[in-house]
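# Close look at the chain arrangement
The chain contents come next:
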Amino acid sequence: MKIAVFSTCHYDQEFLERFNTRHDLVFFEPALSLQNASLTKGFDATCIFVNDRADRELISLLHDNGVKLILLRCAGFNHVDLETATELGIKVFRVPAYSPEAVAEHAMAMILTLNRKTHKAYNRIREGNFSLEKLMGFNLHGCKVALIGTGKIGKAFYKILKGFGCKIIAFDPFPDAELESEGLQYGTLEEALCDAEIVSMHCPLTDATHHMINSITLKLFKKGAMLINTSRGGLVSTADVIEALKSGQLGYLGLDVYEQEGKLFFHDLSEDVIQDDLISRLISFPNVLITSHQGFFTREAMEQIASITFANADAFISGKNLENELVI
Ligand code: NAI
């Protein structure tokens, strides 16, 4: 099958080539967009990632170009218009889990960095500054953590938090029976957020979860609390968290995802003037840590993404093992 692969850096190409057994791959560095969708002409499939465009207009162009399959190299599919794909007979497959532990471990890395300020200590020591001024953190042991979403990543994160001795309260419309039997307490969103010292987001972005963290829900957090979002940028109202950081209601913010990340993340913009004023403001805070959607980025996850992507291509051809197909 001829597959046009978009949003590819050298590491994507390396892993995909390593796991490809029989398909004809052509790699394109930019994200799939209306401007470059014509490149898909003559391809059977297109393979895309989190920041590629796959709305109604784009999928209609794919259809006109003869594309029959969209292979997502990610779990989240909030950016894909499944209704249009179904209407036009284009199948969509995803990689539902590549390494939940990778994202969960990154969430913990963000908490530890923000809390114990290891990034600041690293820079200070290199400059011969051995002072402890302004490096004080807090114990995670006994700390109240709100876990929003207890699917694959939330579950992996729960196990890490438990190891740290945190008091965890979760919100998920579909509580996990195994976690409940292990003693995880579920509550309403308000109960989970109320007086939480750390809030960590692990639910998908949907109409119902868009801007779930906003000026109203932020008031429920304990003053000076930490918010970690490794899920999807749209879960959090950026303007509202900026206000909460300015007032001190939010004491720390760790973002691996950002509402407008499409134009920024995965690109080296070090010689450009950043046009996004909200991210520039966020970057200016001393208590904000931003990473560029790297939660998934481990060797193990890259291997899983590549191998499952080709298994999905094979499933499309054979019509068997269709469990990763997205159907509405
Ligand atoms: P999952 O589908 O296993 O779990 C999602 C959980 O969220 C489910 O238990 C679901 O019931 C729950 N949920 C749905 N609506 C909710 C709501 N309104 N409030 C609270 N919980 C709700 O998904 P998984 O694999 O755990 O991934 C979670 C999210 O992480 C993905 O949707 C994706 O956006 C993000 N992600 C981020 C990555 C990164 O590199 N930063 C990599 C992979 C995924």
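Residues numbered from 1 in each chain as written. Predicted model: local features only at pLDDT ≥ 70, side-chain atom pairs only at ≥ 80, totals over all residues. Heavy atoms only, no water.

## Things to note about the side chain of K144
To be explicit about the condition: In this description a helix means any DSSP run of H or I spanning at least four residues, a strand means any run of E spanning at least two, and both kinds are numbered starting from the N terminus. Exposure categories follow from relative accessible area, calculated using a 1.4 Å probe and restricted to protein chains: below 20% of the type maximum is buried, above 50% is exposed, and the middle band is partly exposed. Note on charges: Lys and Arg go in the positive column, Asp and Glu in the negative column, and His and the chain ends are not counted at all. Here, a salt bridge means any Lys or Arg side-chain nitrogen found within 4 Å of an Asp or Glu carboxyl oxygen. N or O atoms closer than or at 3.5 Å make up a polar contact, with two conditions inside protein: a donor-capable atom paired with an acceptor-capable one, and, for residues adjacent in sequence, both atoms drawn from side chains. Residues count as neighbours in contact if any of their non-hydrogen atoms are within 4.5 Å of one another.
In this structure, K144 sits in strand β6 (residues 144-148). It is D195 that comes nearest to the buried, bridge-free K144 among opposite-charge side chains, at 6.5 Å. Reaching out from K144, the side chain makes a polar contact with the backbone oxygen of A192 at a distance of 3.4 Å. Discounting residues that sit within four places of it in the chain, K144 has contacts with K167, I169, E191, A192, C194, D195, A196, E197 and I198.

## Notes on the environment of D81
With respect to the secondary-structure elements, D81 resides in the loop between β4 (69-72) and α3 (82-87). Overall, D81 belongs to the partly exposed group, its relative accessible area being 23%. Counting along the chain gives 158 residues from D81 to A239, while the straight-line C-alpha distance between them is 27 Å. Ignoring any residue separated from it by four or fewer positions in sequence, one finds D81 in contact with A54, D55, R56 and I59. Reaching out from D81, the side chain makes a polar contact with the side chain of T84 at a distance of 2.8 Å.

## Thoughts on the sheet that holds β6
The criterion, for reference: A pair of strands is labelled paired if DSSP reports no fewer than 2 bridges between them. Fitted lines through C-alpha atoms serve as axes, helices being fitted only where they are in contact, and the angles separating the N-to-C directions of these axes extend from 0 to 180 degrees.
The strand order β8-β7-β6-β9-β10-β11-β12 describes an open sheet built from seven strands, whose pairing is parallel. The open sheet is flanked by β8 (185-186) and β12 (288-290), the only strands paired with a single partner. Direction of pairing for strand β10 (residues 225-229) relative to strand β11 (residues 250-255): parallel, over a ladder of five bridges. Each residue of the ladder has a partner; that of M226, found in β11, is Y252. Sitting on the sheet, helix α11 (residues 277-284) is in contact with β11 and β12, with an inclination near 125° to β12.

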